[in-house]
Each structure stands twice: as structure tokens, then as C-alpha cells.
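Chain residues, written in single-letter form:
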Amino acid sequence: MAKQTIFPNATIGIIGGGQLGRYMAVSAKQMGYRAAVLDPVTQSPCGQVADTEITAAYSDLDGIRQLAEISDVVTYEFENIDYDALNQLKEEANLPQGSELLLLTQNRETEKKGIVDAGCEVAPYRIIHDEKELEDAVDVLGLPAVLKTCRGGYDGKGQYVIKEKGQLQEAAALLTHGTCILESWVPFQMELSVIVTRSIHGEIAVFPVAENIHKHNILFQSIVPARVDESIQEKAKVLATTLAEKLGLVGTLAVELFLTNDGELLVNELAPRPHNSGHYTLDLCETSQFEQHVRAICGLPLGGTALLSEGMMVNLLGDEVDIPLEHPELLKEAKLYLYGKHEVKEGRKMGHMTFMKQLDDEWMTNITKIWTERDGGNGK
Ligand code: AMP
């Protein structure tokens, strides 16, 4: 079943109705597929463009069954699908991506182990169940270090950076959310990411390496190609390909990396789906990460990943969504993506812009200033 090619006119079912689902659906529809989405709210970013909307909780087995029934293939943009729902999907739907990689990446403990078992490096870490283990781990790893919940965290949520021992008790509050992981703080010169796709037939394609700049732990800018030696970019691509092969990837995997001050690449995090840092591919690559994902799960040949232009993606978070209206001149050199979210919340990903141009230092400073001024305004 998993090797079956799915041809246009078939329906692709998407679990999760956010912006990742939205652009999966747009790509699917461009290629002649139909799109169905399951999301807890109606008229979600994906629901607005899908042919069919199923409004149900991610754990609602009836909703999952309904999606499986109308879909020729099911994929996801939401990572925290629970175990029962996944089992039901495995039984009742065509889920070529399977559930193993999703389960592995749902928990930072199994994710780290999977990365290390694949032969890749991660920051030194310890698994923490209680305060005593936290104290012992700090003695071994030293400070600064970052404590993260093993499950459920994203965009810096569920994390505490410990700079001195006096903060241990406050950090330990995270343990009320379950098992945590303490990681050494990595002195990195740059954060990078690589999006890799593997089709149901085993074909692999890797996108150009992005340089990612975060603000308040949320992605701010992705610059492509990353401003590092080609040898490092090549190493990052090989690493992503190795992970794709060793972890039995089907679909899309985002690999987030630290380039350390010593020039080493450490894997920070994996996401088994298209990723915010791959949005630049919508305009700057021969094939977007979303189209590639659709091709991969449907068993079509993968598209080219060559960079058509260098450039930069900038997120529109919270009330930054007003920036393109306040600075219409930006639209002359950028493509605008708004996700159709009805409510603006601080830090919420409302949209992004992609600039297709060579980035010189003066231009970068001016652009960054526009965002930084607003950032000061809303206290993020
Ligand atoms: P994460 O949710 O694990 O991707 O972390 C969000 C951001 O926090 C990363 O993109 C980094 O900027 C920062 N960060 C997380 N873990 C570490 C670490 N061990 N060392 C340095 N920075 C980190």
C-alpha cells in the first residue's frame, strides 16, 4: 500500500490546518489533487483553501476516520498527533509516512537518541526526571545550559536557560510538565537548517542550506544561501541526507543545526514536515518544499531544488502583520504571504515576506530596523 503512486484528482488528507497545511493544499490543488483538512477550528488557514474541511479535535477518532475515508493519502502538518489517532490512521488510512519518525520526534529524548544512532552529533545532554538529577546534570554539563520539556515544546516554549545555580529551582518548575532534557548551551556562530525530502520510492532531494536568525526563540529571518563556506553547506546537506536514509524518512524532514564556533555541525531539532525555515523555497527554488512534499507522498518524481535567486524570508509575527501595509514600498521587492488567521496574538505566525535579491549589508540593516522598531513597540 505504501508504494502506491497517487495520481492527480485523488484527495490528499491533511491533519492540521495551519500555514503549513495551507501551502500543502495550495500545491496539491495546483497539481490537480483535491485537499481535505482536519482541524479543531473551521476556516483555518488550510480550511480556507481546502475542498473539504473536517472540524474535529486531533484526537477525535471519528474525525480521523472521516478524513481517512475521503482521502486517498493522508499526511500531517501537526506533529503532536496522539498515539491512538496514529494507530487508527495506520489501520484505516494510506499513511505513507508511517508513524515511527513522527513518534520519534515527538519526544526530545527519543529524537536525540535517533540522531546519535544515525551517526550525527548533538549538544551534550542529560535526561532529567527530578530536581536531584537536574543538580547532578548541571555539575556534569556545567552552565549555561538549557532545560527543555521532552514533549510539547516549540518556538522556545517549555524551555528555561539556566545561567547560574541560583536559577535551578525556578527552572525545575518545568518538571511539572513531565520528563525534561538538559542541554549544554552551544556557543554557535550561526543556526542553519536543511530541508530534505524522500519519496515513497526512496528518491531523495535536498534544498539549499538556510541561515536562520531567531528573535525571542522564534524564527525571524532565513537567509539563502547561508553565508558560510560551501564545504559547510555540503556537509549540512550530507548530514540531512544521512538522517533521511537512516531514519527511514518518507515525506519532508527539516533538520535544524548549530554551526559551532569550532566549525562543527550539531543537530538541534528535527521536524518531520515542511518547516518555516523552508518557506523561502516557495519563491527562491525550482520546486517549493510543499510541492516536493506532495510529490514525495504521492510517489511522483521529485522536482529540482536549485536556487533561482538568493534572498531572504522574514516572518510577520503578531502585529508585524501590519508592516507590509505601513511600508508598501517593501512589496516592490518582496512576495507577501498572509495566512488568513483571524486573531492577531503576540508572537503568532501571521505571514511572511520573501525578498528575491542580493542582500547587501546596508539593505539588511534597513530591513531589520523596520522589524526591530515594531518589536520594541509590542514588547516581544
Ligand atoms: P528549539 O525549540 O530547541 O529549537 O530552541 C529554540 C531556539 O533556542 C534555537 O533555535 C536556538 O536559538 C536556541 N537554543 C535551543 N537550544 C540551544 C542550545 N543547546 N544552545 C544554544 N542555543 C539553543
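Residues numbered from 1 in each chain as written. Predicted model: local features only at pLDDT ≥ 70, side-chain atom pairs only at ≥ 80, totals over all residues. Heavy atoms only, no water.

Per an unreviewed UniProt entry, the chain goes by the name N5-carboxyaminoimidazole ribonucleotide synthase and belongs to Bacillus pumilus.

Can you lay out the environment of Leu-300 for me, pointing to particular residues and giving the numbers?
In this structure, Leu-300 sits in the loop between helix H10 (289-298) and strand E15 (311-317). A C-alpha to C-alpha distance of 9.7 Å links Leu-300 and Glu-203, two positions 97 residues apart in sequence. Apart from residues lying up to four places away in sequence, Leu-300 is in contact with Thr-5, Ile-6, Met-31, Tyr-33 and Arg-295. (Helix = DSSP H or I, 4+ residues; strand = E, 2+ residues; numbered from the N terminus. Contact = heavy atoms within 4.5 Å.)

Could you give an account of helix H8 (residues 230-246), naming the residues involved and the relevant values?
With 17 residues, H8 extends 24 Å from end C-alpha to end C-alpha; this agrees with the ideal 24 Å at 1.5 Å per step. Listing the buried residues of H8 in full gives Ile-232, Gln-233, Ala-236, Leu-239, Ala-240, Leu-243 and Ala-244. End-on view of H8: buried residues confined to an arc of 135 degrees, all on one side of the axis. Facing away from the buried side of H8, by more than 90 degrees, are the exposed residues Glu-230, Glu-245 and Lys-246. Check the buried side of H8 and you find it contacts helix H5 (108-117), strand E9 (188-198), strand E10 (204-206), strand E13 (251-260) and strand E14 (265-271). In the segment just after H8, Gly-248 is the residue with positive phi, at about 65 degrees. (Expected span 1.5 Å × (residues − 1). Buried < 20%, exposed > 50% of the residue type's maximum accessible area, 1.4 Å probe, protein only. Arc of directions from axis to C-beta.)

Can you break down the environment of Val-26 residue by residue, with the values?
Relative to the assigned elements, Val-26 resides in helix H1 (residues 19-30). Taking C-alpha positions, Val-26 is 8.5 Å from Phe-290, a pair spaced 264 residues apart along the chain.

Please provide a residue-by-residue account of the site of the ligand, values included.
Surveying the vicinity of the ligand reveals 16 residues, the closest of which are Lys-148, Gln-159, Val-186, Glu-191 and Asn-217. Separating an oxygen atom of the ligand from a side-chain N or O atom of Arg-108 is a distance of 3.2 Å. Contact between the ligand and Asn-217: an oxygen atom at 2.8 Å from a side-chain N or O atom of the residue. A total of 480 Å² of accessible area belongs to the ligand in isolation, and the protein chains cover 96% of it. Broken down by secondary-structure element, the contributors of at least two residues to the shell around the ligand are strand E6 (145-149), strand E8 (180-184), E9 and E14. Looking at the shell around the ligand, its residues break down into 5 nonpolar, 6 polar and 5 charged. Formed jointly, the shell around the ligand draws a minimum of three residues from each of two domains, domain 2 (124-184) and domain 3 (188-373). (Near = heavy atom within 4 Å. Polar contact = N/O pair within 3.5 Å; in protein donor to acceptor, adjacent residues only side chain to side chain. Areas by Shrake-Rupley, 256 points an atom, 1.4 Å probe, with all protein chains shown as cover. Nonpolar A, V, L, I, M, F, W, Y, C, P; charged D, E, K, R; others polar. Domains from an automatic or database assignment.)

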